[in-house]
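Secondary and tertiary structure notes
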Amino acid sequence: MSLFEVTERARQYQTQLLDFMDSQVYPAESVYDEQMQAAGDPHFHPPVLEELKAEARRRGLWNLFHPHPEWGPGLTNLEYAPLAEIMGRSHLASEACNCSAPDTGNMEVLTLFGTDEHKERYLKPLLDGTIRSAFAMTEPQVASSDATNVEMSMVRDGDHYVLNGRKWFASNGMHRNCKVLIVMGKTDPSAPVHRQQSMMVVPIDAPGVTVIRNLPVFGYQDREGHAEIVFNDVRVPVSDVLKGEGEGFAISQARLGPGRIHHCMRSIGMAERALELMCRRAQSRVTFGKPLSENANIQDWIAEARIDIEMIRLLTLKAAYLMDTVGNKEARTEIAAIKVAAPNIALKIIDRAIQVHGGGGVTDDFPLAMAWAHLRTLRLADGPDEVHKRAIAKQELRKYRNEVSA
Ligand SMILES: Cc1cc2nc3c(=O)[nH]c(=O)nc-3n(C[C@H](O)[C@H](O)[C@H](O)COP(=O)(O)OP(=O)(O)OC[C@H]3O[C@@H](n4cnc5c(N)ncnc54)[C@H](O)[C@@H]3O)c2cc1C
């Protein structure tokens, strides 16, 4: 029996998802590469992805992330964790199953705080996978790992707010189907520090919104893109403020909890795939008269990878279990811990798998180089390592606060 019991429905989803990966997703990877290359446009939306989406939907592997039964299967975090891990093994799977960031977080925000109109206009098509969305909080001019620094001005003018400012790294902003942004800015700079911010729903084609450019990641032009966007006198109706003025910071905290752990689950999937590739390659390549796998250092890397993966998986499951049982707020230390541990450990494993692959490891002939580039960004996106460590250290130090004052 597993430490965290797996429910029957979770087990069924795992079996179905593994079959979907083997029969559809992995074979689609090379088709995807061909279609992208033929298009010659990094933000092209390849037909193979729509085929995968249709197949995932047909198999009931759709919106697996959504915790509300009205909109998805209503799985707990603990049930979803192994599924996100499986999807993390291929860069195509999350979008194929309509479970990719930042749409998942945005869908949850719209479910919790959106008006009926938001649900009709944006949430339903997002859940249907016909449109995509982006989340625009980070700004080039200010250190945005402290979200209270965000400066975009949102000034009330009658029954509208007028938005001015510049955002960058809005992931999905270059996606061909991206139709809507959730934007965080400042409505009241004189309010208490965590009440100054608001979040608004803004169509990407609203007058005054200009997507300036895509930001490459280690030279990769990600298909969904990370957009730099200028807002120039963008008028947003008051009804498009989520939850109410001054609630932006609170929503961003609620939004990032599940999103962070989803990233960790997918990181574990990437680490598993890297370990698998490392073992296969180490056994098939021979130097100095013996397979690479017979060298002690390579065995050490393989063993360490297995140990590390088991550790981060257990910590992720613990965080998921706590989110389900005591809530995201109470689970924040574990969420922060795994947000640091999972990408760092997965990066180490991928780096060693690259080494075992020799020169081929840094090319696009294997999925390792791209996986490394993607994972490296996770040490920044959704909060840099240092910010999560700061939160953990604060919790830890709190235990001894009375000793100092005594
Ligand atoms: C690929 C990618 C996708 C992203 N997607 C999105 C998105 O969809 N939407 C969005 O709004 N943002 C997104 N981001 C932005 C990301 O969330 C920010 O880059 C991150 O929060 C850090 O903010 P910053 O870049 O302004 O760095 P800064 O705030 O300038 O911080 C710089 C560095 O300072 C260090 N640091 C910060 N605080 C401390 C501290 N207390 N102690 C020690 N060191 C510290 C950290 O190492 C940090 O990396 C994305 C980023 C990347 C790379």
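Residues numbered from 1 in each chain as written. Predicted model: local features only at pLDDT ≥ 70, side-chain atom pairs only at ≥ 80, totals over all residues. Heavy atoms only, no water.

1. Examining the overall build of the protein
A count of helices and strands for the protein gives twelve helices and nine strands. Computed over the C-alpha atoms, the radius of gyration of the protein is 22 Å, within 12% of the 22 Å expected from 2.2 N^0.38 for a compact globule of 406 residues. Each of the three principal axes of the protein carries a C-alpha extent, and together these read 80 × 70 × 45 Å. Looking at the 406 residues of the protein, the share that counts as buried comes to 52%. Contacts in the protein between residues far apart in sequence, at least 24 positions, make up 74% of those at least 6 positions apart. When the accessible surface of the protein is split by element, carbon and sulfur atoms take 53% of a total near 18,600 Å². Of note, the protein has its 46 positive side-chain charges centred 3 Å away from the centre of its 53 negative side-chain charges. (Helix = DSSP H or I, 4+ residues; strand = E, 2+ residues; numbered from the N terminus. Rg over C-alpha atoms; globule rule 2.2 N^0.38 Å. Buried < 20%, exposed > 50% of the residue type's maximum accessible area, 1.4 Å probe, protein only. Contact = heavy atoms within 4.5 Å. Areas by Shrake-Rupley, 256 points an atom, 1.4 Å probe, with all protein chains shown as cover. Lys, Arg positive; Asp, Glu negative; His and termini not counted. Charge placed at Lys NZ, Arg CZ, Asp CG, Glu CD.)

2. Here we look at the UniProt feature "domain: Acyl-CoA dehydrogenase/oxidase N-terminal" (unreviewed entry) in the protein
Listed under "domain: Acyl-CoA dehydrogenase/oxidase N-terminal" (unreviewed entry) in the UniProt record, and renumbered for this structure, are residues 7-129. Overall, residues 7-129 shows 67% helix and 0% strand. The separation of its end C-alpha atoms is 27 Å. (UniProt positions renumbered as here; feature names shortened; annotations may be inferred.)

3. Overview of the nonpolar core
Formed by 61 residues in total, the largest nonpolar core has its most connected members in F20, Y80, M87 and L242. Looking at this core element by element, the count peaks at eight residues for helix α1 (residues 8-39). Counting 29 residues, the second-largest nonpolar core is a separate cluster that includes A342, I354, L368 and L375. (Core = buried A, V, L, I, M, F, W, Y, C linked by side-chain atoms within 4.5 Å.)

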